[in-house]
Every structure is written in structure tokens, then in C-alpha cells.
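# Structural features, examined
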Amino acid sequence: MSIAKPDIVTPEQWRAAREALLTKEKAHTRARDALAAERRRMPMIHVDKDYRFTAPGGGDATLLDLFDGSRQLVVYRFFMDPDMDVYPERGCPGCSMYADQLSNLLHLRERDTRFVAVSRGEQEHLQRYREQMGWEFPWYTLRDDFDADHDVAEWHGTNVFLRDGDEVYRTYFIDARGDEALGSTWNFLDITPYGRQEQWEDSPEGWPQTPPYTWGGWHDTYDHTL
């Protein structure tokens with residue numbers, strides 16, 4: 001049975017079509033960079049509540065603990081909760097696809113940024129499922145209203161926080177289809193207040209920046225843990 005497919009053209013026609021599309025793709029890239037620059041200029045909210053989590057392996061953790069010394073924190077609310085039909089065997093299939101797309105998180109750590117997931121499931125089930133699926137990200141259990149206070153009482157969403165000493169600030173939130181583009185080091189850095197921290201970026205004066213392509217590379221040479 002025949003299926004629909006694109007038109008068949010000559011190599012010359014294909015290259016012309018490719019060049020026409022490339023012009024639009026470059027415009028899209030520039031627009032995305034401009035949006036990230038605007039995002040870096042967003043105001044932020046001071047986090048006043050003393051939120052508590054159960055850490056991997058047990059034990060109490062605060063929101064400050066989730067930074068583990070990093071300056072920026074990305075928190076993904078993974079929907080794996082006791083009221084789900086598939087719990088405790090599995091988490092949300094969409095959240096699981098999100099987790100499958102995560103790049104090596106040590107690159108984020110090299111940029112002073114940590115990624116963690118939080119859910120309402122008990123640690124024994126979160127860690128069993130994480131190992132079953134081959135994921136390496138730190139996964140904490142929610143114990144209070146942290147998710148509801150940050151616009152994701154259920155399902156999924158990604159919040160970003162900035163630490164200044166012991167003070168924590170909420171800087172950004174994205175969910176729904178906005179989540180589906182996340183996963184790479186670059187996408188995550190683009191939603192943080194300091195961005196990729198490279199000199200070509202349009203950032204406010206005083207933002208940390210280094211020459212491009214001088215900080216990343218072989219993850220096994222980094223002096224970091226997840």
C-alpha cells in the first residue's frame with residue numbers, strides 16, 4: 001500500500017529548497033536567542049517557606065539542600081504519585097519520555113546548575129523505577145505544598161531557582177508543551193537566569209560569562225557529581 005510522501009525533485013531543486021528553509025531556520029534561532037535574553041531579565045520571587053523533601057536513600061532535605069552547592073537549580077515535577085492507577089509500578093508515560101531525553105546532567109553541573117526531579121511517591125518506588133529505567137538524576141519525595149505553590153500540584157512542570165548564599169529565589173516556570181523541548185544541556189541553560197554564561201549572549205551587565213566553547217567537553221573530566 002502506497003503512503004503519502006514529499007515531492008521528488010532534482011538535487012538542484014532540493015538545495016534551493018534547503019537554502020530557502022535555512023533562512024527561516026536562522027531567523028527562528030535568532031528569535032529563540034532573543035527570547036532567552038528576555039527571560040534572563042525576568043524578575044524573581046523570594047522563596048520564604050521552609051519546604052521539606054525526602055532525599056534519595058532517606059533523610060530530610062530542604063530546598064536549599066537540593067542545590068547541593070550549585071548556584072542554579074532546575075526542578076522537574078515528575079508525576080509518579082500514590083493516587084495514580086499505575087503507581088507504584090510505574091510513573092507517568094509522558095514524564096518517563098521526558099526523563100529518557102535528558103542529556104548527561106554533569107554538563108549542567110559544570111555550569112553551576114543542578115537538575116533534580118520531585119514526586120509524591122515513596123522513595124522505595126521512585127528509586128526502584130529510576131533504576132529499572134536506567135536514569136541517573138537525583139529524585140526526591142515531596143512532603144508539603146511545594147508543588148502546589150509552584151503551579152504544578154499534579155502532572156508535570158519545570159521550575160527554576162537561583163541561590164544567593166542561603167537565600168533562594170524562583171526565576172522561571174514552564175509546563176505543557178513547553179516541557180517537550182527540554183532535555184539538552186543548552187535548552188536547560190536557556191531557561192535559567194544566567195543562561196549559557198557565554199560572552200556572545202545578550203545578558204545584563206555583571207552576569208557570569210566566559211568565552212564560548214571553553215567550559216564544556218568530556219564529562220568524565222568534570223569534578224562533579226549529580
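Everything in this summary refers to the structure shown in the same document. Quick caveat: nothing in here was measured; it's all calculated off a predicted structure.

Parameters and conventions
Residues numbered from 1 in each chain as written. Predicted model: local features only at pLDDT ≥ 70, side-chain atom pairs only at ≥ 80, totals over all residues. Heavy atoms only, no water. Pairing = 2+ DSSP bridges. Helix = DSSP H or I, 4+ residues; strand = E, 2+ residues; numbered from the N terminus. Expected span 1.5 Å × (residues − 1). Buried < 20%, exposed > 50% of the residue type's maximum accessible area, 1.4 Å probe, protein only. Contact = heavy atoms within 4.5 Å. Phe/Tyr/Trp six-rings, centres within 6.5 Å; stacked < 30°, edge-to-face > 60°. Salt bridge = Lys/Arg side-chain N within 4 Å of Asp/Glu carboxyl O.

## Comments concerning the pairing of strand 6 (residues 139-142)
As paired elements, strand 2 (residues 52-54) and strand 6 share two bridges and run antiparallel to each other. Bridged to F53 within strand 6 is L142. By the bridge criterion, three bridges tie strand 5 (residues 113-119) to strand 6 in an arrangement that is parallel. Note that in strand 6 the partner of A117 across the bridge is W139.

## Notes on helix 1 (residues 11-39)
Look at helix 1: 41 Å from first C-alpha to last across 29 residues, which is about the 42 Å you get at 1.5 Å a residue. Regarding helix 1, the residues found buried are A36, A37 and R39. In this structure, the buried residues of helix 1 make contact with strand 8 (167-174) and helix 7 (185-190).

## As for the packing of aromatic side chains
A complete count under the given rule lists 16 aromatic pairs for this structure. Taking 5.3 Å as the distance between ring centres and 90 degrees as the angle between the ring planes, the aromatic pair formed by Y129 and W135 counts as edge-to-face. With respect to class, Y129 is no different from W135; both count as buried. What links up through ring pairs into an aromatic cluster is the set Y76, F78, Y98, F115, Y129, W135, F137, W139 and F188.

## Re the pattern of salt bridges
Think of it this way: side chains of opposite charge can pair up when their charged atoms draw near. Counted by the stated rule, this structure contains 16 salt bridges. In this structure, the salt-bridge partner of D60 is R52, at a minimum N-O distance of 2.5 Å. Residue classification places R52 among the partly exposed positions, given a relative accessible area of 28%. Taken together, the salt bridges that share partners define one network made up of D50, R52, D60 and R143.

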